[in-house]
Amino acid sequence: MGTFALTGGATGIGAALKEQLVGAGHSVTVVDIKQADIVADLSTQEGRRAAVEGLRARAPEGLDGFVPLAGIGAHVTPASLITRVNYFGVIACVEGVRDLLERRQGSVVLISSNSGPGLGRHSEYLELLLAGDESGACELIDRVGSTVAYAGAKLGLARWMRRHAGEYVKAGVRMNAVAPGVTNTPMVEGAFEDPGTKEAMHAYVARMPMARVADPTEVANVIRFLLGPEASFVCGSLLFVDGGQDASERPDEP
Ligand code: NAD
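Residues numbered from 1 in each chain as written. Predicted model: local features only at pLDDT ≥ 70, side-chain atom pairs only at ≥ 80, totals over all residues. Heavy atoms only, no water.

Trainee: Tell me about the side chain of Ser107, and name the residues and values.
Mentor: Residue placement: Ser107 occurs in strand 5 (residues 107–111). Since its relative accessible area comes to 2%, Ser107 is described here as buried. (Helix = DSSP H or I, 4+ residues; strand = E, 2+ residues; numbered from the N terminus. Buried < 20%, exposed > 50% of the residue type's maximum accessible area, 1.4 Å probe, protein only.)

Listed below in structure tokens is the structure:
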């Protein structure tokens, strides 16, 4: 059976994926800021180091799959905290376990978002992300705001994945990403209850092609497919798991 690691596996999509992988007989190590095998705050350099060292200690023989799910929502302030967790925390972990994945010809699935293409196209922010300039990106985004911080970080992850997928797979590691739409997890529960956002959230869902949010298991199913042998020729793909929302908003892309 396989050896897998996830960040952000305490709740939501990560917890659903962990349950599926454990149910299939795999071993799964979870990194999270709470309720985890390795407790680490991925907004900080120290936390990222602890996460990578912890994973190396727990899986010295390598990893069959790695999914960095840890993330915070677009409502969080300061905006730069979103940049630190959702982009730089992700890249640091993926790069930090790359050799463990190479050892077992493993697979990586990044978690983008369907908000990326619509709200994340801020070219200066994207350039700083992709250049790996954390302090520059954080300084800029605190002036721009949390919505762009979130969507831009998610679009940045998709682009980082596309830029590096070829190089990773030459070393035997397949890399892909999913772009979920609104999914019923603790990250968005608040927005459906908050009197300030509740109406807008319900109206948004009513306009969606499937007129409903996803269950976390529906996103986990797709991640598990991308991790596994049935996806052996899928590499560098961004797969929308959003009930048709991106297609309805941008029918002519790509
Ligand atoms: P969630 O809040 O249930 O899960 C996020 C996890 O990340 C939690 O377990 C949390 O403790 C952990 N985390 C947060 N900050 C951390 C930090 N500093 N260090 C370590 N761990 C930290 O939400 P979710 O919806 O399951 O989110 C999983 C991923 O899916 C996220 O990357 C999110 O951006 C993405 N996503 C979610 C939705 C949605 O609608 N729920 C849509 C698109 C993308």
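Trainee: Tell me about the pairing of strand 1 (residues 3–7), residues and numbers included.
Mentor: The element strand 1 is extensively covered by neighbouring structure, given that 5 of its 5 residues are classed as buried. Burial of strand 1 is two-sided: the residues Thr3, Ala5 and Thr7 facing one way and the residues Phe4 and Leu6 facing the other way are all buried. As paired elements, strand 1 and strand 2 (residues 27–32) share 5 bridges and run parallel to each other. The residue of strand 2 that forms the bridge with Thr7 is Val31. For the segment spanning strand 1, helix 1 (residues 12–23) and strand 2, crossover handedness is right-handed. Bridging between strand 1 and strand 4 (residues 65–68) involves 4 bridges; their strand directions are parallel. Along strand 4, the bridge assignment pairs Phe4 with Gly65. (Pairing = 2+ DSSP bridges. Right-handed = clockwise from strand over helix to strand, strands pointing away.)

Trainee: Break down the side chain of Asn86 for me, citing the residues and quoting the values.
Mentor: As for its placement among the helices and strands, Asn86 is situated in helix 3 (residues 79–103). A polar contact of 2.9 Å, which involves the side chain of Asn86, links it to the backbone nitrogen of Ile72. What Asn86 contacts, discounting residues up to four positions off in sequence, is Ala70, Gly71, Ile72, Tyr150, Ala153, Lys154 and Leu157. (Polar contact = N/O pair within 3.5 Å; in protein donor to acceptor, adjacent residues only side chain to side chain. Contact = heavy atoms within 4.5 Å.)

Trainee: Now, about helix 6 (residues 134–144): what can you tell me, with residues and values included?
Mentor: Residues Glu134, Gly136, Ala137, Cys138, Leu140 and Ile141 constitute the buried set of helix 6. For helix 6, the elements touching its buried residues are helix 2 (45–58), helix 3, helix 5 (123–130) and helix 7 (146–170). The positive-phi residue at the C-terminal boundary of helix 6 is Gly145, with phi of around 125 degrees.

Trainee: Break down the site of the ligand for me, with residues and values.
Mentor: Surveying the vicinity of the ligand reveals 30 residues, the closest of which are Thr11, Ile13, Asp32, Tyr150 and Thr185. Taking Ile33, its main chain carries an N or O atom lying 3.3 Å from a nitrogen atom of the ligand. Thr183 is positioned such that a nitrogen or oxygen atom in its backbone is 2.8 Å from an oxygen atom of the ligand. Starting from 830 Å² of accessible surface for the ligand in isolation, the protein chains cover 93%. For the shell around the ligand, the elements supplying multiple residues, two or more each, are helix 1, helix 7 and helix 8 (186–193). If one sorts the elements of the shell around the ligand by residue count, helix 8 sits on top with 3 residues. Taken together, the residues of the shell around the ligand break down into 16 nonpolar, 10 polar and 4 charged. (Near = heavy atom within 4 Å. Areas by Shrake-Rupley, 256 points an atom, 1.4 Å probe, with all protein chains shown as cover. Nonpolar A, V, L, I, M, F, W, Y, C, P; charged D, E, K, R; others polar.)

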